[in-house]
Amino acid sequence: MDHQHFQRITAFVEARLTPLFDAATGSTHGFGMDDTSRALRALRATVLAASAVEGIIEQRRTADAEIRHIADQALAHHWEVLQRIARNWEDHPDFLREFKRHSWEFDDEPTTAAAGEG
């Protein structure tokens, strides 16, 4: 699993959420103090927090086995949070099959560079 997986799933979820915050649509959602606005802000904060994995991925690359195991657990948790949110739009045409994969399933795929060559 690499940062690109997190970027794709985050972009997908953000594309679903952003229009809900758009004042041009006449919506006050996200900007008011009503429960819907609060829920939207909480959801966006959760997505942003779960997608902030760059540091974990960097440390994982050079970590010893014990720290790598902890990093893997952290990445799995962050992925699962984003995955559960994204799957609410499983019927959307932009939903990618990779959003259904478990974090450990990414370990078996070739590196990004090798995948791009084929």
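Please refer to the structure placed before this passage.
All values derive from a computational prediction rather than experimental measurement.

At a closest axis distance of 9 Å, the pairing of helix H3 (residues 54–62) and helix H4 (residues 65–86) adopts a crossing angle of 150 degrees. The orientation of H3 relative to H4 falls into the category roughly antiparallel. Pair H3 / H4 crosses with left-handed handedness. Taken together, the residues of H4 that come into contact with H3 (itself represented by Ile56, Ile57 and Arg60) are Arg68, Ala71, Asp72, Ala74, Leu75 and His78. Counted by class, the contact of H3 with H4 contains five nonpolar, one polar and three charged residues.

Turning our eyes to something else, we now look at the packing of helix H1 (residues 3–17) against helix H2 (residues 35–51). Here H1 crosses H2 at 170 degrees, and the two axes come no closer than 10 Å. The orientation of H1 relative to H2 falls into the category roughly antiparallel. Together, Phe6, Thr10, Val13, Glu14 and Leu17 of H1 and Leu43, Arg44, Val47, Leu48, Ala50 and Ser51 of H2 make up the contact between the two elements. A breakdown of the residues in the contact of H1 with H2 according to their chemical character gives seven nonpolar, two polar and two charged.

Conventions adopted
Residues numbered from 1 in each chain as written. Predicted model: local features only at pLDDT ≥ 70, side-chain atom pairs only at ≥ 80, totals over all residues. Heavy atoms only, no water. Axes fitted to C-alpha atoms, helices over the stretch in contact; angles between N-to-C directions. Helix = DSSP H or I, 4+ residues; strand = E, 2+ residues; numbered from the N terminus. Parallel < 35°, antiparallel > 145°, perpendicular 65-115°, else oblique. Left-handed = near helix turned anticlockwise from the far one by under 90°. Contact = heavy atoms within 4.5 Å. Nonpolar A, V, L, I, M, F, W, Y, C, P; charged D, E, K, R; others polar.

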